[in-house]
Amino acid sequence: MIELKHITQEYDTADGKGKFFACKDVNVHVKPGDIFGIIGRSGAGKSTLVRCINLLNRPTSGSVIVDGKDLTKMSESELREERRSIGMIFQHFNLLSSRTVYGNVALPLELAGMPKDKIREKVMPLIELVGLSEHVNKYPSQLSGGQKQRVGIARALSSDPKILLSDEATSALDPETTQATLQLLKKINKELGLTIVMITHEMDVVKQICNRVVVMNKGVVVEEGAVLEVFRDP
Ligand code: ADP
Ligand code: ADP
């Protein structure tokens, strides 16, 4: 489903005088239906790597194969199309405060030029799926953190993606809300068959819902495998 081959990402150092590797020769293979965890400390290169999957980051070298297609060989306009099959959710939700729950979930479809009645047919079931039917006309400021993340999830699903990328999606949530959000992601993985790639710095999150994991440190993969093996008690 996703193959990251020899991904290297170089950046200038903060003083602008040198270079450093945010990712160095990283190889990752995500299979269809995986809930794939990427774990590591802050600065390990997790976001850089995951943003290569939808080419929000263009890696310095390496190839990104999604569904058999090499995204690194595509033009910006071809990429725009491919990105529609990859949804993303974020730690701070990235919702528009001037738009309601409905308006936020509808936005990607409006931007894609979908007619209003079609949008409604699409948006209402998604809002129901994430359990926000009662809140459809509320603004983000009227929602709890967990509810905001549900809006983010519904919005990410609006373009029928095959892959969902999650960048620390539960890090701003309390333990109980984290649980509920993880259960929702599990349900989406199971019922919609979505492949999920999730970044986290929390071991527990990985143990709970991921089947495979890579551990990153300083831009390299230090461990990869089935969650049960990687976190086996010694
Ligand atoms: P993580 O997600 O594991 O916290 P990141 O991928 O965000 O790690 O960052 C890895 C390293 O790359 C960090 O040292 C970060 O400061 C640096 N970095 C990330 N993006 C950029 C950028 N656009 N320009 C320069 N350095 C960056
Ligand atoms: P705005 O303030 O820009 O209208 P909203 O989030 O209220 O932002 O709505 C965005 C779009 O979605 C608008 O075109 C609006 O007509 C439509 N819309 C909002 N709520 C609903 C709803 N419950 N059912 C159908 N369409 C809606």
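Here is a short report on the structure shown in this document. (Residues numbered from 1 in each chain as written. Chains lettered and ligands numbered in written order. Predicted model: local features only at pLDDT ≥ 70, side-chain atom pairs only at ≥ 80, totals over all residues. Heavy atoms only, no water.)

Quick look at the sheet that holds strand S4 (residues 61–66) now. Sheet architecture is open: four strands sit in the order S2-S1-S4-S5, paired in antiparallel fashion. Each edge of the open sheet is held by one strand with a lone partner, namely strand S2 (19–30) and strand S5 (69–70). Of the pairings in the sheet, the one linking strand S1 (residues 2–12) to S2 comprises eight bridges and is antiparallel in character. Its bridge partner lying in S2, Gln9 is registered against Cys23. (Pairing = 2+ DSSP bridges. Helix = DSSP H or I, 4+ residues; strand = E, 2+ residues; numbered from the N terminus.)

Moving on, we come to the packing of helix H3 (residues 101–111) against helix H4 (residues 116–129). With their axes 10 Å apart at the nearest point, H3 and H4 run at an angle of 130 degrees to one another. In this view, H3 runs oblique relative to H4, as classed from their interaxial angle. In the packing of H3 onto H4, the handedness of the crossing is right-handed. Along its contact with H3, which presents Val101, Tyr102, Val105, Ala106, Leu109 and Glu110, the element H4 presents Ile119, Arg120, Lys122, Val123, Met124, Leu126 and Ile127. (Axes fitted to C-alpha atoms, helices over the stretch in contact; angles between N-to-C directions. Parallel < 35°, antiparallel > 145°, perpendicular 65-115°, else oblique. Left-handed = near helix turned anticlockwise from the far one by under 90°. Contact = heavy atoms within 4.5 Å.)

Throughout the structure, instances matching the rule amount to eight salt bridges. The salt bridge partner of Glu82 is Lys69, with a shortest N-O separation of 3.1 Å. With a gap of 13 residues between them, Glu82 in helix H2 (residues 76–83) and Lys69 in strand S5 connect regions that are remote in the sequence. (Salt bridge = Lys/Arg side-chain N within 4 Å of Asp/Glu carboxyl O.)

Moving on to unusual backbone geometry. Even without glycine at this site, Asp67 takes up a positive phi of about 55 degrees. Even without glycine at this site, Asp160 takes up a positive phi of about 50 degrees.

The rolling of a water-molecule-sized probe over the atoms marks out the regions of remaining empty space. Here the largest pocket defines a volume of roughly 550 Å³. Elements with a contribution of two residues or more to the lining of the largest pocket: H2, strand S6 (86–90), H3 and helix H5 (145–157). By residue number, the principal contributor to the lining of the largest pocket is S6, which donates four residues. Per-class residue counts for the lining of the largest pocket are nine nonpolar, five polar and four charged. For the second largest pocket, the calculated volume is near 150 Å³. Lining the second largest pocket are Ile39, Gly40, Arg41, His201, Met203, Val215, Met216, Asn217, Val222 and Phe231. With three residues, the top contributor of residues to the lining of the second largest pocket is strand S9 (residues 212–217). (1 Å grid on protein atoms, 1.4 Å probe; cavity = no way out; pocket = protein on both sides within 12 Å on 5 of 7 lines; lining within 4 Å. Points joined across faces, edges and corners; volume = space filled by probe spheres on them. Nonpolar A, V, L, I, M, F, W, Y, C, P; charged D, E, K, R; others polar.)

In this section: the site of ligand 2. If you check the shell around ligand 2, you find Ser98, Arg99, Thr100, Tyr102, Gly103, Glu110, Lys116, Arg120 and Asn137 and nothing else. For ligand 2, an oxygen atom lies 2.7 Å from a polar atom in the backbone of Thr100. A distance of 3.5 Å separates an oxygen atom of ligand 2 from a polar atom in the backbone of Gly103. Out of a free accessible area of 540 Å², ligand 2 has 61% covered by protein chains. When residues of the shell around ligand 2 are traced back to their parent elements, those giving at least two are H3 and H4. Among the elements that make up the shell around ligand 2, the one with the highest residue count is H3 (three residues). Looking at side-chain class alone, the shell around ligand 2 contains one nonpolar, four polar and four charged residues. (Near = heavy atom within 4 Å. Polar contact = N/O pair within 3.5 Å; in protein donor to acceptor, adjacent residues only side chain to side chain. Areas by Shrake-Rupley, 256 points an atom, 1.4 Å probe, with all protein chains shown as cover.)

Turning to the sheet that holds strand S10 (residues 220–226), a few remarks are in order. Read across the sheet, six strands follow the order S6-S7-S8-S3-S9-S10 without closing on themselves; strand pairing throughout is mixed. At either margin of the open sheet sits one strand with a lone partner, and together these are S6 and S10. Ignoring strand direction, the axes of neighbouring strands in this sheet form an average angle of 15 degrees. Here S6 pairs with strand S7 (residues 163–167) via five bridges, running parallel. The residue of S7 that forms the bridge with Phe90 is Asp167. Contacts from helix H1 (residues 46–53) reach strand S3 (35–39), S6, S7, strand S8 (195–200) and S9 within the one sheet, and its direction differs from that of S8 by about 160 degrees. Packing against the sheet, helix H6 (residues 175–191) makes contact with S3, S6, S7 and S8, and its axis sits at approximately 155 degrees to S8.

Just distances and angles here, no functional claims.
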